[in-house]
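The primary structure of each chain is shown beneath.
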There are 6 protein chains.
Amino acid sequence: MTIIDTLLGYLEEDAPSGDLTSEAIIPGGECVARITAKCRGTIAGLDEATELMEHLGISVKPQVSDGDQVESGTVVLEVWGDARKVLLAERTVLNIIGRMSGIATKTHWVIEQVRGVNPDVRIASTRKTAPGMRVLDKKAVVLGGGEPHRYSLSDGVLIKDNHLALVPIDVAIRRARDFSGYKKIEVEADTVEDAVKAAKCGADIILLDNMAPDEVRTALAELRRRGLRDSVMVEVSGRIAEESVMEYAATGVDVISMGALTHTVRNFDVGLEVVKGGGSSAM
Amino acid sequence: MTIIDTLLGYLEEDAPSGDLTSEAIIPGGECVARITAKCRGTIAGLDEATELMEHLGISVKPQVSDGDQVESGTVVLEVWGDARKVLLAERTVLNIIGRMSGIATKTHWVIEQVRGVNPDVRIASTRKTAPGMRVLDKKAVVLGGGEPHRYSLSDGVLIKDNHLALVPIDVAIRRARDFSGYKKIEVEADTVEDAVKAAKCGADIILLDNMAPDEVRTALAELRRRGLRDSVMVEVSGRIAEESVMEYAATGVDVISMGALTHTVRNFDVGLEVVKGGGSSAM
Amino acid sequence: MTIIDTLLGYLEEDAPSGDLTSEAIIPGGECVARITAKCRGTIAGLDEATELMEHLGISVKPQVSDGDQVESGTVVLEVWGDARKVLLAERTVLNIIGRMSGIATKTHWVIEQVRGVNPDVRIASTRKTAPGMRVLDKKAVVLGGGEPHRYSLSDGVLIKDNHLALVPIDVAIRRARDFSGYKKIEVEADTVEDAVKAAKCGADIILLDNMAPDEVRTALAELRRRGLRDSVMVEVSGRIAEESVMEYAATGVDVISMGALTHTVRNFDVGLEVVKGGGSSAM
Amino acid sequence: MTIIDTLLGYLEEDAPSGDLTSEAIIPGGECVARITAKCRGTIAGLDEATELMEHLGISVKPQVSDGDQVESGTVVLEVWGDARKVLLAERTVLNIIGRMSGIATKTHWVIEQVRGVNPDVRIASTRKTAPGMRVLDKKAVVLGGGEPHRYSLSDGVLIKDNHLALVPIDVAIRRARDFSGYKKIEVEADTVEDAVKAAKCGADIILLDNMAPDEVRTALAELRRRGLRDSVMVEVSGRIAEESVMEYAATGVDVISMGALTHTVRNFDVGLEVVKGGGSSAM
Amino acid sequence: MTIIDTLLGYLEEDAPSGDLTSEAIIPGGECVARITAKCRGTIAGLDEATELMEHLGISVKPQVSDGDQVESGTVVLEVWGDARKVLLAERTVLNIIGRMSGIATKTHWVIEQVRGVNPDVRIASTRKTAPGMRVLDKKAVVLGGGEPHRYSLSDGVLIKDNHLALVPIDVAIRRARDFSGYKKIEVEADTVEDAVKAAKCGADIILLDNMAPDEVRTALAELRRRGLRDSVMVEVSGRIAEESVMEYAATGVDVISMGALTHTVRNFDVGLEVVKGGGSSAM
Amino acid sequence: MTIIDTLLGYLEEDAPSGDLTSEAIIPGGECVARITAKCRGTIAGLDEATELMEHLGISVKPQVSDGDQVESGTVVLEVWGDARKVLLAERTVLNIIGRMSGIATKTHWVIEQVRGVNPDVRIASTRKTAPGMRVLDKKAVVLGGGEPHRYSLSDGVLIKDNHLALVPIDVAIRRARDFSGYKKIEVEADTVEDAVKAAKCGADIILLDNMAPDEVRTALAELRRRGLRDSVMVEVSGRIAEESVMEYAATGVDVISMGALTHTVRNFDVGLEVVKGGGSSAM
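Calculation rules
Residues numbered from 1 in each chain as written. Chains lettered and ligands numbered in written order. Predicted model: local features only at pLDDT ≥ 70, side-chain atom pairs only at ≥ 80, totals over all residues. Heavy atoms only, no water. Pairing = 2+ DSSP bridges. Helix = DSSP H or I, 4+ residues; strand = E, 2+ residues; numbered from the N terminus. Axes fitted to C-alpha atoms, helices over the stretch in contact; angles between N-to-C directions. Salt bridge = Lys/Arg side-chain N within 4 Å of Asp/Glu carboxyl O. Buried < 20%, exposed > 50% of the residue type's maximum accessible area, 1.4 Å probe, protein only. Lys, Arg positive; Asp, Glu negative; His and termini not counted. Polar contact = N/O pair within 3.5 Å; in protein donor to acceptor, adjacent residues only side chain to side chain. Contact = heavy atoms within 4.5 Å. Buried area = accessible area lost by both parts, 1.4 Å probe. Nonpolar A, V, L, I, M, F, W, Y, C, P; charged D, E, K, R; others polar. Least-squares fit on C-alpha atoms with pLDDT ≥ 70 in both.

## Quick word on the sheet that holds strand 5 (residues 75-82) of chain E
Residue and element names in this part refer to chain E.
- Ordered by their spatial adjacency, four strands build an open sheet running 3-5-1-12, and the pairing between neighbours is antiparallel. Because the sheet does not close on itself, it has two edges, and the strands there are strand 3 (59-62) and strand 12 (270-276). Adjacent strand axes in the sheet meet at a mean angle of 20° when their direction is disregarded.
- Two elements, strand 3 and strand 5, share four bridges in a ladder whose sense is antiparallel. Residue pairing across strands places serine 59 opposite tryptophan 80, the latter belonging to strand 5.

Pasting the structure below:
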């Protein structure tokens, strides 16, 4: 991937006219620093941190890999180079690792939980990401073991209630098929009846939105009863949090979509510490 | 502010080659839609939502203002225009409002809490924002009643432990003064001794980092004892969460810095519903 | 859609430091102009032309719609406004209409042909578009009645020979399924055996690449014989031109992919003529 | 030239959120690949392919040079590096080489033809390039032996019929001279009378637009008769295709302008084949 | 011209995260303001100021036109709109007007001077502009009555000493002719001999660089003596300042090139004054 | 700092479609060149020149450092590499060094002068920089020994007359304090009374604008008389030029702000000379 422009944009945001403090007080010279996890979880963002720092001419030696489980205290990256540049990149790099690892950790944790009751269920993310972070948020979900689902409006067909307020469901599905045969067609259903109708009209994926677990069970049973269960993938979504995900997993759905994986993120704590300075006589 | 390029960048991220579903199934025509809060809190992001949608030619009528307290069910924006464009903007707009309102709500809640024990204390954000969201994250903090603190490395001097690993504190403060007389100089102190030393060397702001509330009290007392308390502003920071913020507020510090305001955000739930379609005979 | 930045980029390319001729000789003032088709075919690019010119403050009145069949001599757009701006936009606008209409016309023509022998076959474009023109090239294909297929590497899974040189086919398909359940999986097959293998491994779409029509027939027969024909969509590709497309259509495949729709374009001739100047006394 | 941003823009267009297929199925590791011409002609775009791939960290070894004549089967580039990155760049690189070589090949072919009847005539391109491809389209023309003519509205004065609808020819030429003495002034003439008038008014270049070869001969004779032929360069343009170019060349004009060189391009067929994978134990 | 992106870039530079002061203290509401010249000279930059402010939704009413002579005290623009936006744009707009008017004023002044001794001589600018200001610097020169000369390396052929250090002059001129017949060929000459040689080899323009006025006279005489004077335009350049320009004008050259027009600019003093606030009850 | 995008933007401005002359006449090959100061002063811009040229693959060896005093004739950079690239970068690099060194030289000269009469006074720049050059203009001021002051509207609070036309001074200062405790608050005062009032209301810095030196003395005396002098920093501004700066320095103010440091720049003369070509047999 060529994510470097995005990464440089993040850096620019943090230093539109340079780093005042370093320019004022750091006369130049090299330093060595370490980035250390301060909690346990699934690490993510090291590739991006490395790419950004190497672009600045900083040397980076990863100590673990993206997707690895780390403990509090694990050194994840060792870096060395011009002290001003290390300090310039510090916050941007930590913000990236902190958010991505937070997402990866949560995804991993949810998957560990649900696999106990439903070994085949997938945990999917949504497009409810932080604006400007889509690709990295999705990558963190994948590193945590999750399903990325749509990256954008451009890469999948999902017919939602707002579309159905404008076009009848059968027309909508037919038009989508006519438009392209390369896309699976996913249709949102708010009731059991809608779910059945969508499946009959040829939807590939049924998204049961905002249904209670019992209603989901009814919908699945009804689809089975009519011989439609095997021809569709069934997804549930709608404010599913860590607390309720197990219940949904137990219904036997194929995918559980959780906006919370990326819209309600607990930061993964990580810090950068300069361990040695003084590479220049000027310091 | 001229935030429109940033907003268009967010939209581009969600639709790099257009909105497949709408292009496939929505034949054109107008619609009316409403954006509704689905929880209570401090609303934010309406200005940005309005600017982005108006840029696309959608008409927008705000029903409340950024910074207002809203209840679950409050309609915050009414919009009407080309149905494809409304659906194109939907997720981007909701993500912006969801995140910004989440930040504003949390900030407002924290301030309500701490004002009970310390009416003068300020609650500040840090640079631990979602990459690409800095300006909007900070704006949300201000709408919630918080203190923005530094927007970037370019707009303030903050001498942290990593700088002090490279340059002695007295030299650092002198160099910062020599560099510019227009900036307050903030110095991070990890111990009471460092806090006193920084104050003596002329720091304007002392940042007590990762100290327990008792240690903060000791530092404040020591500064007072030496007649240095009035000449410096004292800030605390370091993993301060909703649970511990009251204790810090009670110590009598001037500012409490909370990275969690922007790095660990609970999304504010908000939805867009098409309430009327059919403006075009083609539909 | 927010294509305006792309359109302005095209304009910038044609006038990095302004329009020397107009600046030198046109003193200002309004003009009226017409854009006229100079051949017959399927018109495309009028939406983009309109968006760009309106962005410059030029008034535009479309006389026909994108996707319409036009004759040589048909006026497609009437425009009026500042003469310098009309002349500034002229070439960019004509290049967009010329290329997009060329693509739409060719696509439409091919579809007209093949429908005679195979009413259900689809004609698909590929990613062999002019660099920098992807979204518009694909839109022109759709306006001509074609199937857009993948817009980019980000929006579909297509396992090609180069992937299969690195990973065995069964592993590749399994990994793709594990990665996401939302995507149809397309697999390229260079031989009948590979086609059967891909279908057995669960591919949703089989791309028969560089096969002669007879070989395509054999592959379809073999898939039918093994009861796999109905569970897969079959696409052919590989240097299929106007001359050979009928033969492929007659084989009974579902989709014919033609890179030539967008990589070997015959420009649709279109011109802009100023019909009235003199809105300013200065002229 | 610093074309890298343009090239990265092309890549971004082909992978706005990464390469789904490779991310799903290629676990990492190195590969070796070859780019091979699949038809004969004048190769172009190798410099750009090299610059883009080297920017991604891929090693590239050109086997021939831009502008060389190649046969079908000629290996033009050998590349090796991270397999995911090679596959990421594949289509973008092939599209660039395919289009540029198509243009260079056509230009070269036309020049070979016309040189037989008129050894001094130049073959010029116009601004009828694919939007977003101007610099590369023009470079391909030069590699094929052609004359680039204007790169944009900013780099030359060309007074066309639309200008002359707004300003009389003598005023237009005088104003252009007054504006800058550094530019040759080219004037479009649709009739012999206009051609003579333009030459008398001091045009440096006369563009005979949409004239039949006979009319061109008459214009040249008339200019000669009045002693104006030597002081002007004479160019012809207007839907001149491979079929008619010889006839125009034989008239004795100085330059033949062909929009078709860049607006009606036959793609040069070129492919990338992975010849060895497996550099990583993970594969 | 579509200069708006450049103008917005200037604004972004002055407010990467908004206008702290206005956000802190101006609660909203409208204001009326005036931009007033505080010295006399040739005004420039009003078009750009207008375009930028209108883009922000500020109403603008120009009181004079770009290129007009103004006195100290002349109101050049009246503006009204959202007070925060007016103050946001203030410095950017004044910097643009200040620099462009400074350049226009100097150019106009020089031309007034030299016309007394040589009514036909042109005063040309060079590419020695402020980086990032090329188009506006050149436009200001034209508004002051000057000749823009090359806008960039892409729009003209100028063979300088550094080229001649690499390629002999006759080869260089021949190659330039072969490359394109549409460009005048300018050649730098440091000695009278070089000037004659360049003219003989077919240069269209001779640039006498760093010659004293007497040497220029000798060169002109020598060109005349050999019958070459009429076939070339002669330009002088090389640290020509207001003091020495008259002497060069008197030699009879065609063009005097002055880098100082754009590289050594005296700012034109201009200010913005809010004349009425209070459009909002909140203020 | 990651200034490279800005630098590449400057280069793009000078060569939107490449360097016509070099492409026409330089067949390739290496060269060696020297950049030499042609006047004496404080050199600046070498870091930027180096970064840009190294980005293009040119090797650079600085002979002096930014901030050094140089004589006319001092070689400041030696460079070698592809001749076309050296010539491509030449003008952009010289424009950067020429402007930045001009600013550094002037700043240094002013500081040398004023230090004689007031050893503690600081010389500050303003935001009156060339649009698009802010960061580099400010960096040049710092290299010359000056105080950068605000980089943008985003990094400091300065309440000016236009704000005070909208909000009373006491309200303005209170709001600014409430907004953020991290910023020094600077208030512009046009009269002695206003200066006293601002100091009483708690301003940290008083900007005496457009006052004659005598009036400045009165203001300072009045502040002293009321015991307010020590609690505020006092700055003067308003058309202060090289001629009047000494008088202001002698008043005892803390800072003298000079827009002229960056808005009225005398270019520092610097040239690039190719000293050896011929690295390629083709030349």
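On we go.
## Quick word on the pattern of salt bridges
- Counted by the stated rule, this structure contains 88 salt bridges over all chains.
- Between arginine 99 of chain F and aspartate 137 of chain F there is a salt bridge, and its shortest N-O distance comes to 2.8 Å. With arginine 99 of chain F in helix 4 (residues 83-117) and aspartate 137 of chain F in helix 5 (residues 134-143), this pair connects stretches of sequence that are 38 residues apart.
- Judged by its relative accessible area of 6%, arginine 99 of chain F is buried.
- Taken together, the salt bridges that share partners define one network made up of Asp14 of chain A together with Arg127 and Arg134 of chain B.

## Considerations on the side chain of lysine 184 of chain F
- With respect to the helices, strands and loops of the structure, lysine 184 of chain F is situated in the loop between helix 7 (169-179) and strand 8 (185-189).
- There is no salt bridge for the buried lysine 184 of chain F, and the closest opposite charge comes from aspartate 204 of chain B, which lies 4.7 Å off by N-O distance.
- A distance of 3.1 Å separates a polar atom in the side chain of lysine 184 of chain F from the backbone oxygen of glycine 181 of chain B.
- In this structure, lysine 184 of chain F is in contact with Gly181, Tyr182, Lys183, Lys184 and Asp204 of chain B together with Val157, Asp204 and Ile205 of chain F, ignoring residues within four places of it in sequence.

## Observations concerning the interface of chain A and chain B
- Across the contact, 67 residues belong to chain A and 67 residues belong to chain B.
- Taking both partners together, chain A and chain B bury about 5,600 Å²; carbon and sulfur atoms supply 58% of that area.
- Of all residues in chain A, the largest losses of buried area upon contact with chain B belong to Ile25, Pro131 and Leu166 of chain A, amounting jointly to 13% of the total for that side.
- Where chain A meets chain B, there are six salt bridges.
- A total of eight residues in the side of chain A that touches chain B trace back to one element, the largest contributor, which is helix 4 (residues 83-117) of chain A.
- Residue composition of the side of chain A that touches chain B, by class: 31 nonpolar, 17 polar and 19 charged.

## Brief notes about the pairing of strand 8 (residues 185-189) of chain D
Residues and elements named next belong to chain D.
- A large share of strand 8 lies buried, amounting to five of its five residues.
- Every second residue of strand 8 is oriented toward a common face, with Ile185, Val187 and Ala189 on one face and Glu186 and Glu188 on the other, all of them buried.
- Where strand 7 (residues 157-159) meets strand 8, three bridges bridge the pair, whose relative direction is parallel. Bridging across to strand 8, leucine 158 finds its partner in glutamate 186.
- With four bridges connecting them, strand 8 and strand 9 (residues 205-209) associate as parallel partners.

## Examining the relation of the copies chain A and chain B
- For these two chains of identical sequence, chain A goes onto chain B by a turn of 180° and a shift of 0.0 Å along the axis, with RMSD 0.0 Å. Such a combination of turn and shift is consistent with a two-fold rotation axis. When C-alpha positions in chain A are compared against the rotation axis, the closest is assigned to glycine 132 of chain A, at 2.6 Å.
- Comparing contact sets, 100% of the residues at the interface of chain A also lie at the interface in chain B, consistent with an isologous, same-surface contact.

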